[in-house]
Structures are given as C-alpha cells and as structure tokens.
Amino acid sequence: MEIERAIKTKINQVDFKNLSFGETFSDHMFLCDYLKGKWNTPKIIPYQPITLDPSTSALHYGQAVFEGMKAYKDNNGGVWMFRPKENWLRLNKSCKRMKIPEFPEDYFMKGLKKLLSMDSEWIQSGGENSLYIRPFVFASQPTVQAAPSKEYKFIIICSPAKSYYNDSEFNVLIAEKFSRAADGGVGYAKAAGNYGAQFYPTSIAQQKGYQQVVWTDANEHKYLEEAGTMNIFVRIDNKIITAPTNDRILDGVTRKSAIQLAKDMGIDVEVRSITVNEVVNALNDGSLKEIFGTGTAVVVIPITGFGYKKIDYKLPSIKDSYAKRLKTAITEIQYNISDDPYNWRVRV
Ligand SMILES: *Cc1c(COP(=O)(O)O)cnc(C)c1O
C-alpha cells in the first residue's frame, strides 16, 4: 500500500455537534485501480476530487456498486468495526451481479484498518457518534461502449455521523404502483441505480407527507419487502416477522444481527413473507405491536404509521419495544459495552 498523508487536517473546521449526514469527509481516502486485468497497488491519499473523462462508463451505464458500514469508538478510545467481512462478501456479491471484478479481501480489510487508524480522530467517542464508511466501485474506462468496463476504481471515503433520534414520527407509504426490485433483477445488490430509481417514487410519497416508501413485491404489490433502504420487521403479538432474502431483498447486516439477537432474547422470529393485508388485519384486531426498519445508518427505527389504499394507519405507542431492545443490544456490541458472543466486533 502506498501512503500519502494530508499536510494539514481539516478536523478543526468541523462542527461535530451539527453534522448533516454525508456531507463532511475525513482527511484521507483509500483508492485502488483495476487496470489491464488486475487490481493494482492500493493507496491512501488525502481526500480530494477525482478527474473523470466525460465518457467514463459508469456515468452512462450505471455499472457501480457501494457498501455502507460504520466505525465506533469505545470509552477507552478503542476503535471498532462491526462485521466488516459481511460487507466485503456483499460487495463482491453486488460486483458479480454487475459484472465488476471482485475485490480482494486483504486489500479491503487492510485498506479499511489503515484508513481508519489514520483518520481515527474523526471518530468521536460517545454512543451517538460514529464514522460512516462508504466503500464503492465504479466503471472508470473512458468509453461509451455498452459493455462491461475494462477499468474500475475502488474507493473508500469516510464521513462523521451522529445517530438518529428514535422518538420522531416515521410514517411510510406502502407502494401500490412503483417497485424497487423484481425477480431476476438486481434488488439484492447494492447497485447504485437501485437508489437513483427510488428517488422519484419516494419524493411523491414525501409530498404526501410520508417519510419513506415501503416497497412491496413487483408482481402483486401484496407482500412487504423493504422500508426505503432498510429491511423491515413486523411484530405481531410477541413474534417478529421479516421477509426472507431473495433476488429482490438486500441481505442487511443489521437484519441478520437483529434476527440472531432477538432469538437470543427468546423472541420468536419468523422469516417468511408477510402481506399488507395481514398487517392491516393485525392492526385492526390489536395484535400488531410494532413495525421497524433496520440498517447501518439508523440501526433500528420504529415506524409510527403507514398509508395504504388511501387510509392512514397509526401504530400503537409501546413501552419496552422490541425495536428499542434490539437497537440497544446491537449498539452495545458495536461500542464495546457488552459481550460479543459471535465475534462481530473487529478492532482497528
Ligand atoms: C444497505 C441496505 C439495507 C441495510 O443493510 P445493512 O447491512 O443493515 O446496512 C437494506 N436494504 C437496502 C435496500 C439497502 O441498500
């Protein structure tokens, strides 16, 4: 690995108390080029713009994937990642689907560790702070040929983040027309275009006063699939239900961690498809207790209401919610507060 340090840190210009998500970046970035059939020697350089030819393939055909993960600082200044191998595995699953060459594990892990150790000051201590890590790959060959690029750039950038508060309204609109993913498609990949395609339907939902769209299956709009860019869980009585991962559903690291920890708490977990009708019926008969989303950015976030077929439904407010218990259990592992029975924490 080649390393070029920033001459001067930008950290003193950052107001860590008023961070807007994803707009401030740390001092360094990790970069690796795929040229002539192989990933070249990676490097860490000062965070900076990159120059691109207007014909750069990814700009035309969207051959690009990304990951999202975080680093945390414990009360003794120790820096931790959470299940980073899962992100590496998923990155390569996404790459494979998008015909991007897979990225080597040791480049990914060593690059991450070195970058985080160089920029560790950017991870503030305290449970509300973390450093969001964005690895991504894109087709960088200058060509408008509609074919897989022969060149790629793999980059990791980092952005300091504050945790979301969980007590705000979070109303979702259940999709009846638009779809996020289809069988045989790329829904399970963190492919850039999946997100771009969500902006328009999501903006329509937001104009109607909802914060996010809950995606349903593309065939019948009958089954719940995901909440925006999060996996979704429904609690009926004391059981939680979440859709199985498949072609259309992103295999979230938070989702699988929540499933495991819920089981360990003695909560019944059912991994099966669930229809919107079942949720509406459960709400009407009082057995629907919670709906929540899971993802790296928010960990676990309760959904407070949903719109479906022009009716707005409110969820009951609940003390000692599973959402809260699971969020606490996950964050205590991430911040090195509790035991880590599955070795999910990785020290930097
Ligand atoms: C990233 C993502 C998730 C959550 O995955 P985590 O690994 O838990 O962050 C869920 N759904 C979609 C569509 C995503 O892109």
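Residues numbered from 1 in each chain as written. Predicted model: local features only at pLDDT ≥ 70, side-chain atom pairs only at ≥ 80, totals over all residues. Heavy atoms only, no water.

## Examining the pattern of salt bridges
Scanning all chains against the criterion turns up 17 salt bridges. We note a salt bridge from aspartate 183 to arginine 248, for which the minimum N-O separation is 2.4 Å. Separated by 65 residues along the polypeptide, aspartate 183 in the loop between strand E10 (171-174) and helix H4 (192-207) and arginine 248 in the loop between strand E14 (239-242) and helix H5 (253-264) bring together distant segments of the chain. Put simply, Arg83, Glu86, Lys93, Asp251 and Lys256 are held in one network by salt bridges that share partners. (Salt bridge = Lys/Arg side-chain N within 4 Å of Asp/Glu carboxyl O. Helix = DSSP H or I, 4+ residues; strand = E, 2+ residues; numbered from the N terminus.)

## Things to note about the site of the ligand
In the vicinity of the ligand there are 14 residues, among which Lys190, Tyr195, Glu226, Thr254 and Thr296 approach most closely. In this structure, an oxygen atom belonging to the ligand sits 2.8 Å away from a side-chain N or O atom of arginine 90. Interatomic distance of 2.8 Å between a backbone N/O atom of valine 253 and an oxygen atom of the ligand. Isolated, the ligand exposes 380 Å² of accessible area, and the fraction of that covered by the protein chains is 96%. When residues of the shell around the ligand are traced back to their parent elements, those giving at least two are strand E13 (230-236) and H5. Taken together, the residues of the shell around the ligand break down into four nonpolar, six polar and four charged. (Near = heavy atom within 4 Å. Polar contact = N/O pair within 3.5 Å; in protein donor to acceptor, adjacent residues only side chain to side chain. Areas by Shrake-Rupley, 256 points an atom, 1.4 Å probe, with all protein chains shown as cover. Nonpolar A, V, L, I, M, F, W, Y, C, P; charged D, E, K, R; others polar.)

## As for unusual backbone geometry
You will see that aspartate 237, though not glycine, has its phi angle at about 50°, which is positive. For valine 299, which is not glycine, the phi torsion reads 70° and is therefore positive. Here valine 299 lies in strand E17 (residues 299-302). Judged by its relative accessible area of 8%, valine 299 falls in the buried class. (Buried < 20%, exposed > 50% of the residue type's maximum accessible area, 1.4 Å probe, protein only.)

## Describing the domain arrangement of the chain
If you check the domain split of the chain, you get domain 1 (2-161) and domain 2 (171-334). Between the C-alpha centres of domain 1 and domain 2 the distance comes to 27 Å. Taken together, the contacts link 18 residues of domain 1 with 20 residues of domain 2. Between domain 1 and domain 2 the total buried area reaches about 1,800 Å² when both faces are included, carbon and sulfur atoms providing 61% of it. (Domains from an automatic or database assignment. Contact = heavy atoms within 4.5 Å. Buried area = accessible area lost by both parts, 1.4 Å probe.)

## Details of the pairing of strand E8 (residues 129-139)
Taken across its eleven residues, E8 has nine buried, putting it largely inside the fold. Relative to E8, strand E5 (residues 64-66) runs antiparallel, the two being bridged by three bridges. By the bridge assignment for E8, valine 65 is matched with valine 137. As paired elements, strand E6 (residues 69-73) and E8 share three bridges and run antiparallel to each other. (Pairing = 2+ DSSP bridges.)

## Regarding H4
End to end, H4 covers 24 Å across 16 residues, agreeing with the expected 22 Å (1.5 Å per residue, within 8%). Those residues of H4 that fall on the buried side of the exposure criterion are Asn194, Tyr195, Gln198, Pro201, Thr202 and Ala205. As for H4, its buried residues are in contact with E5, E10 and strand E11 (212-216). Looking one or two residues beyond H4, the residue adopting positive phi is glycine 209, at roughly 100°. (Expected span 1.5 Å × (residues − 1).)

## Regarding the environment of isoleucine 157
Secondary-structure assignment places isoleucine 157 in strand E9 (residues 152-162). A C-alpha to C-alpha distance of 5.3 Å links isoleucine 157 and arginine 134, two positions 23 residues apart in sequence. Not counting residues within four places of it along the chain, the set of residues in contact with isoleucine 157 comprises Phe25, Met29, Tyr47, Tyr132, Ile133, Arg134 and Phe136.

## Regarding the nonpolar core
One finds Phe108, Val137 and Phe154 to be the most contacted residues of the largest nonpolar core, which totals 46 residues. Not counting residues up to four positions away in its chain, the partners in contact with phenylalanine 154 are Phe30, Leu31, Cys32, Trp39, Leu91, Phe103, Phe108, Pro135, Phe136 and Val137. Among the nonpolar cores identified, the runner-up in size contains 26 residues, and Ile236, Val298, Phe306 and Tyr313 belong to it. (Core = buried A, V, L, I, M, F, W, Y, C linked by side-chain atoms within 4.5 Å.)

## Quick look at the packing of helix H2 (residues 84-97) against helix H3 (residues 105-118)
Following both chains from N to C, one finds H2 and H3 inclined at 135°, their axes separated by 10 Å at the closest point. In this view, H2 runs oblique relative to H3, as classed from their interaxial angle. Handedness of the crossing formed by H2 with H3: right-handed. Residues Pro84, Lys85, Asn87, Trp88 and Leu91 of H2 touch H3, and the partners they reach there are Glu105, Phe108, Met109 and Leu112. Tallied by class, residues from the contact of H2 with H3 come to six nonpolar, one polar and two charged. (Axes fitted to C-alpha atoms, helices over the stretch in contact; angles between N-to-C directions. Parallel < 35°, antiparallel > 145°, perpendicular 65-115°, else oblique. Left-handed = near helix turned anticlockwise from the far one by under 90°.)

## Structural notes on the pairing of E6
Burial of E6 is extensive: five of the five residues sit out of reach of the surface. Side chains of E6 alternate between two faces, with Met69, Ala71 and Lys73 and Lys70 and Tyr72 buried alike. Pairing of E6 with strand E7 (residues 79-82), which is carried by three bridges, proceeds in the antiparallel orientation. Its bridge partner lying in E7, lysine 73 is registered against valine 79. Taking the residues between adjacent antiparallel strands as the criterion, E6 and E7 are bridged by five residues, where glycine 77 takes a positive phi near 85°.

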